[in-house]
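# Working through the structure, step by step
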Amino acid sequence: MLDIFTAAAIAAGVVIMLGPILIPLLHKLKFGQSIRDEGPASHKVKSGTPTMGGIFLIAGIVIATLLRVDLTTDIFLALFIMAGHFFLGFADDYIKVVKKRNLGLRAWQKLLGQIFIAAVTIYIATNYLGIETTIWIPLIGTIIDLGVLYYVLVLLVIVGASNAVNLTDGLDGLASGCMAIAAGCYCVICLITGHYELAIFCAATVGACIGFLFFNFHPAKIFMGDTGSLALGGAFAAMGILTHTELILIVIGFVFVCEAMSVILQVISFQTTGKRIFRMSPIHHHFELGGWSEVKVVLVFWTVGLIGGILGIILLLGSSVRIM
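It should be emphasised that the depicted structure is a prediction, and the values quoted were computed from it without experimental measurement.

It is worth spelling out the environment of L79 at this point. Tracing the backbone through its elements, the reader meets L79 in helix α3 (residues 73-97). You can call L79 buried: its relative accessible area is 11%. Measuring from C-alpha to C-alpha, the distance between L79 and I268 comes to 35 Å, with 189 residues separating the pair along the chain. Aside from chain neighbours lying at most four places away, what touches L79 is V62, L66, L71 and F201.

Next up on the list: the pairing of strand β2 (residues 142-145). Here four bridges tie strand β1 (residues 134-137) to β2, and the two strands are oriented antiparallel to one another. By the bridge assignment, T134 is partnered in β2 with D145. Between β1 and β2, which follow one another and run antiparallel, lie four residues, and L139 among them has a positive phi close to 70°.

What follows deals with the pattern of salt bridges. A side chain with one charge can pair with a side chain of the opposite charge if their charged atoms come near. Enumeration according to the criterion identifies four salt bridges in this entry. Where R68 meets D3, a salt bridge forms, and the shortest distance between an N and an O atom there is 2.6 Å. Here the residue R68 occupies a position in helix α2 (residues 54-68), and D3 occupies one in helix α1 (residues 2-28), the gap between them amounting to 65 residues. For R68, a relative accessible area of 30% puts it in the partly exposed group. With its nearest N and O atoms 3.1 Å apart, the salt bridge here joins D226 to K96. Here D226, found in helix α8 (residues 225-242), pairs with K96, found in helix α3; they are 130 residues apart in sequence, far enough to count as distant.

On to the side chain of H286, then. Among the secondary structure elements, H286 is positioned in helix α11 (residues 283-289). Every residue in contact with H286, bar those within four places of it in the chain, is listed here: F278, R279 and M280.

Further remarks concern the nonpolar core. Grouped together as the largest cluster of nonpolar side chains are 96 residues, with contacts concentrated most on I61, Y186, F201, L232, F236 and M239. The greatest single-element share of this core, amounting to 13 residues, is contributed by helix α7 (residues 196-216).

Moving on: helix α4 (residues 107-127). Counted at 1.5 Å a residue, the expected span for α4 with its 21 residues is 30 Å, and the 30 Å between its end C-alpha atoms agrees. Buried within α4 we find K110, G113, Q114, I117, A118, T121, I122, I124 and A125. If you follow the buried residues of α4, they end up packed against α3, α5 (149-168) and α8.

Another point: the packing of aromatic side chains. By the definition in use, this model includes 12 aromatic pairs. Ring geometry for F56 and F212: centres 5.6 Å apart, planes at 50°, overall tilted. With F56 in helix α2 and F212 in helix α7, the pair connects residues that are 156 residues apart, well separated along the chain. F56 gets classed as buried once you look at its relative accessible area, which sits at 0%. Taken together, the ring pairs connect F86, F87, F90 and Y94 into an aromatic cluster. Between the NZ or CZ atom of K296 and the centre of the ring of W292, over which it lies, the distance is 4.5 Å.

Rules and cut-offs
Residues numbered from 1 in each chain as written. Predicted model: local features only at pLDDT ≥ 70, side-chain atom pairs only at ≥ 80, totals over all residues. Heavy atoms only, no water. Helix = DSSP H or I, 4+ residues; strand = E, 2+ residues; numbered from the N terminus. Buried < 20%, exposed > 50% of the residue type's maximum accessible area, 1.4 Å probe, protein only. Contact = heavy atoms within 4.5 Å. Pairing = 2+ DSSP bridges. Salt bridge = Lys/Arg side-chain N within 4 Å of Asp/Glu carboxyl O. Core = buried A, V, L, I, M, F, W, Y, C linked by side-chain atoms within 4.5 Å. Expected span 1.5 Å × (residues − 1). Phe/Tyr/Trp six-rings, centres within 6.5 Å; stacked < 30°, edge-to-face > 60°. Lys NZ or Arg CZ within 6 Å of the ring centre and 35° of its normal.

So, in structure tokens, the structure goes:
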């Protein structure tokens, strides 16, 4: 257990130490965030705030993990999934911030990268970790063999989790706080399911996100950018896949799911009826435009995330079925 707390402390320490070094550097390089014209008016003051803070956030996770555990296959795979999304996010931010192309990577380019990450994940997980092509159904308490469809599920988990966390990163401290809660809950799940070294990776993620909140909570001094949010989403996907609790992932990541679904429903509604369901999507903006302060939205969403995380752990503890 000491390694778990130590990993969290190291990750937080690395992020807190690197912040004062890299934030002025990003300022100097003019790596500032562009704010959408159609976004909430209160966000205009954030224009120019340094972005790509995911560089030192993810550095904290990697350093803390490698200092506290050996590079086993499952740790390598978790770091690979996270790092793969880190480089996708970095490329996206670089194109937007440095090359001044607002759209960043094309959707098909990002998807192609995620398919590659998923393919490597499937190969290593099934051939070297012995993860079966089954899925555990919470509440029902049964295991179903999906066969080759399990590979499709892995792709959906990776694409869905990374993009959902990315969409959540729209308010100061929202994504980092929700991810700290989700990773903390997965740390508990890893201990329950016997994935001790992966629990250390989860703890490092918690520590790094808490450390990042020193600079990212309202008013934010830096944003994580796609560099951080896509990577954290990848880390979240890795936690679900490597513990073989893919459906529990949906419960623990309930806030992320709501954020992604609000965008999907908004697009479908507008394209089919010409009407919007929400004032603005992702859904955190809906509450902002409804009169909630940014801090209130973040704290409420953190609370919902904590409830979802606790519920996910309860669902796991209530099952007598061996997941792996």
